[in-house]
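Listed below are the residues making up each chain.
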Amino acid sequence: MLASRLFTVARAFPKHAALGCLVPRLKHTLPDLCYDFNALEPVISAEIMKLHYTKHHATYVNNLNITEDKMADALKNGDINTTISLQPALKFNGGGHLNHTIFWTNLSPSGGGEPTGDLMTAIRDDFGSFENFKKELSATTIAIQGSGWGWLGFNPVNGMLKVTTCANQDPLEPTTGLVPLLGIDVWEHAYYLQYKNVRPDYVKEIWNVINWENVTERFAKARMEKLQ
Amino acid sequence: MHPVCILLVLLSCFSVVSSGTSAPYHGIEKYAEEYPLPKLPYDYDGLEPQIDRATVKVHHTGHHAAYTTNMNAALKEWKNDDTSDSLSRSSLLRILQNLQDIPVQYRTKLRNNVGGYVNHALYWGCLSGNQGNRTPTGTVAADINTVFGSFSAFREKFTAEAASLFGSGYVWLSRQSSTSATAKPPLVITTSQNQDTPISEGLRPVLVIDVWEHAYYLKHQNLRAKHIGDWWALVDWEAVNVLDGWWAKMDVKVHEDL
């Protein structure tokens, strides 16, 4: 846990970027990582985990803060051109921060196996079997062109589970309306040092560290919110 | 075998053999039953110390090879599916210039894999070892100064695009398509996502940098800016002028044919 202690614990606070707001904007920070960099070996190497968290995710966080500061200024000044031109950076860095925050919780050194209970029932209902679901999410994720994420999402409109993908750092919920339950990062930085160009091997191995407890928590929360 | 068939087989063998000594992008302008993985104009360690041997090897034999295999398979499927479709029996260049005319069930696969095949061929074709950050020469150099004011202004702009591209893609220096057999069309910097290519926009690329993470991750990890610096040191301006001339020859041929 030592490595993760070096990084600030963050909890989500609502951000106030409205016009004329006097409350100082709270900066985004890297979330706490609940395991050491080497905890997911041999599935994901310590070298990858360290780079992925301390460089890639940290860069999204820093650039998100910079972009939001610029956005706040542009909004304050009524500068619509700048507000609009900042949107790609907001989506990219905001999405990157959201996606990676979810990803670290989706993984665990004691993960793997299969889900149980309501989540397993839902997977069987919506995909036929766990094997079918695993095949579909794997194939769809491997086939992503360029950089992106494979997702298991919850559709709050019909209550069903769905497998889908997003390009680059496009965040799942704003892009598709699906609530993210489980994400697989297939940007090359997520696996290249260990698996090189053989993305299918990485996607095959990552199932051994999926934190089904976390995925179940997200599913339960999404379902509860749908009922309200 | 029929004598004409023997002749055709011999001719196609000859064209495969001769492509081994020419630029990696030679052959994209004419139809072939199947396309080989282009040979690199240098050994795998030929771009050291800027680009390491391991990267060049996996980039060529892993990534570029996969695009080659998948492209050939998709082309075969398309040709078998519709024996009357003339676009499926056109050159890779024509296919890229007419993506919208590919049947929808093959379009994405071909856009990605023909793009990947051609983009990498152009990438390899602009580089060679020991270039030492030379400044450009020839027609391309003069035209860079005309359009961008100076080489350093051009390099700054190109670098900024390469550094800020989100996700996977390329940055290109291309000529707009020729409207005259004699005048050189202006140069323009563009970017493309994934394996998209400015050829599909009717442009003629003369210089390209690959900023997919696989192009630099083994050596530089997240530090794309270092890869861009390394790449500038490898740009072979003679090769860039040759590529520029290759497009011009094709345009002249088109005008002659008309």
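Residues numbered from 1 in each chain as written. Chains lettered and ligands numbered in written order. Predicted model: local features only at pLDDT ≥ 70, side-chain atom pairs only at ≥ 80, totals over all residues. Heavy atoms only, no water.

1. So, the overall build of chain B
Right, on to step 1. When you go through chain B residue by residue, the secondary structure sums to 9 helices and 3 strands.
Right, on to step 2. Counting helices and strands in the order they occur from the N terminus, chain B gives α-α-α-α-α-α-β-β-β-α-α-α.
Right, on to step 3. A buried classification covers 50% of the 258 residues belonging to chain B.
Right, on to step 4. Considering only contacts within chain B whose residues lie at least 6 apart along the sequence, 73% involve residues at least 24 apart. (Helix = DSSP H or I, 4+ residues; strand = E, 2+ residues; numbered from the N terminus. Buried < 20%, exposed > 50% of the residue type's maximum accessible area, 1.4 Å probe, protein only. Contact = heavy atoms within 4.5 Å.)

2. Structural notes on the sheet that holds strand S3 (residues 204–210) of chain B
Residue and element names in this part refer to chain B.
Right, on to step 1. If you walk across this open sheet you meet the 3 strands as S2-S1-S3, and the pairing is antiparallel. At either end of the open sheet lies a strand with only one pairing partner, and these are strand S2 (187–193) and S3. Geometrically, the sheet is characterised by an average inter-axis angle of 25° between neighbouring strands, direction not taken into account.
Right, on to step 2. Examined bridge by bridge, strand S1 (residues 169–175) and S2 share 7 bridges and lie antiparallel to one another. What sits directly across from Ser-174, in S2, is Val-188.
Right, on to step 3. Helix H6 (residues 151–164) contacts S1, S2 and S3 of the sheet and is inclined by roughly 150° relative to S1. (Pairing = 2+ DSSP bridges. Axes fitted to C-alpha atoms, helices over the stretch in contact; angles between N-to-C directions.)

3. Some thoughts on the packing of helix H2 (residues 46–76) of chain A against helix H4 (residues 87–106) of chain A
All names here are of chain A.
Right, on to step 1. Packing of H2 against H4 brings their axes to within 8 Å, and their N-to-C directions diverge by 140°. By the angle class used here, H2 and H4 are oblique. Note that H2 runs across H4; the crossing there is left-handed. In this structure, H2 contributes Met-49, His-52, Tyr-53, His-57, Thr-59, Tyr-60, Val-61, Asn-63, Leu-64, Thr-67, Glu-68 and Met-71 to the contact, and H4 contributes Gln-87, Ala-89, Leu-90, Phe-92, Asn-93, Gly-94, Gly-96, His-97, His-100, Thr-101, Phe-103 and Trp-104.
Right, on to step 2. Taken together, the residues of the contact of H2 with H4 sort by class into 11 nonpolar, 12 polar and 1 charged. (Parallel < 35°, antiparallel > 145°, perpendicular 65-115°, else oblique. Left-handed = near helix turned anticlockwise from the far one by under 90°. Nonpolar A, V, L, I, M, F, W, Y, C, P; charged D, E, K, R; others polar.)

4. With respect to the sheet that holds strand S3 (residues 179–185) of chain A
Residues and elements named next belong to chain A.
Right, on to step 1. Across the sheet, 3 strands lie side by side as S2-S1-S3; this open sheet has antiparallel pairing. The sheet is open, and its two edges are formed by strand S2 (161–167) and S3, each paired on a single side. In this sheet, neighbouring strand axes are inclined to one another by 25° on average, regardless of whether the strands run parallel or antiparallel.
Right, on to step 2. Against the sheet, helix H5 (residues 117–127) contacts strand S1 (148–154) and S2, and its axis sits at roughly 80° relative to S2.

5. Concerning helix H5 (residues 138–148) of chain B
Right, on to step 1. Among all positions in H5 of chain B, only Val-140, Ala-141, Asp-143, Ile-144 and Phe-148 of chain B are buried.
Right, on to step 2. Looking one or two places after H5 of chain B, you find Gly-149 of chain B, whose phi comes out positive at around 95°.

6. Digging into the packing of aromatic side chains
Residues and elements named next belong to chain B.
Right, on to step 1. Summed over all chains, the structure comprises 31 aromatic pairs over all chains.
Right, on to step 2. On the basis of an interplanar angle of 45° and a centroid distance of 6.0 Å, the ring pair of Phe-151 and Phe-154 is categorised as tilted. Pair noted here: Phe-151 and Phe-154 are both in helix H6, with a separation of 3 residues, about one helical turn.
Right, on to step 3. Phe-151 sits in the buried class, given a relative accessible area of 16%.
Right, on to step 4. Chaining the aromatic ring pairs together yields one cluster made of Phe-148, Phe-151, Phe-154, Phe-158, Trp-231, Trp-232 and Trp-237. (Phe/Tyr/Trp six-rings, centres within 6.5 Å; stacked < 30°, edge-to-face > 60°.)

7. What to know about the interface of chain A and chain B
Right, on to step 1. Listed per partner, the contact involves 17 residues of chain A and 16 residues of chain B.
Right, on to step 2. Looking only at chain A, the three residues that lose the most surface to chain B are Gln-145, Glu-188 and Tyr-192 of chain A, adding up to 35% of its buried area.
Right, on to step 3. Counting every contact that joins chain A to chain B gives 0 salt bridges.
Right, on to step 4. For the interface between chain A and chain B, the tally reads 7 residue pairs in polar contact (both at pLDDT 80 or more).
Right, on to step 5. In terms of residue class, the side of chain A that touches chain B is built from 7 nonpolar, 7 polar and 3 charged. (Buried area = accessible area lost by both parts, 1.4 Å probe. Salt bridge = Lys/Arg side-chain N within 4 Å of Asp/Glu carboxyl O. Polar contact = N/O pair within 3.5 Å; in protein donor to acceptor, adjacent residues only side chain to side chain.)

8. Comments concerning the pattern of salt bridges
Right, on to step 1. For the structure on display, the rule yields 11 salt bridges over all chains.
Right, on to step 2. Between Asp-69 of chain A and Lys-27 of chain A there is a salt bridge; the shortest N-O distance is 2.7 Å. With a gap of 42 residues between them, Asp-69 of chain A in helix H2 and Lys-27 of chain A in the loop between helix H1 (2–5) and H2 connect regions that are remote in the sequence.
Right, on to step 3. You can call Lys-27 of chain A partly exposed: its relative accessible area is 47%.
Right, on to step 4. Its salt-bridge partner being Arg-111 of chain B, residue Asp-196 of chain B comes within 2.8 Å of it at the nearest N-O pair.

9. Quick look at unusual backbone geometry
Right, on to step 1. Of note, the bond from Glu-41 of chain A into Pro-42 of chain A is cis; its omega dihedral lies within 30 degrees of zero at 5°.
Right, on to step 2. Secondary-structure assignment places Pro-42 of chain A in the loop between H1 and H2.
Right, on to step 3. Glu-48 of chain B connects to Pro-49 of chain B through a cis peptide bond whose omega is 0°.
Right, on to step 4. Of note, Pro-49 of chain B is situated in the loop between helix H1 (3–19) and helix H2 (53–81).
Right, on to step 5. Here Asn-168 of chain A, not a glycine, exhibits a phi torsion of approximately 50°, which is positive.
Right, on to step 6. Relative to the assigned elements, Asn-168 of chain A resides in the loop between S2 and helix H7 (172–176).
Right, on to step 7. Residue Asn-168 of chain A is classed as buried on the basis of its relative accessible area, which comes to 15%.
Right, on to step 8. In this model, Lys-196 of chain A sits at a positive phi of 50°, which is unusual for a non-glycine residue.

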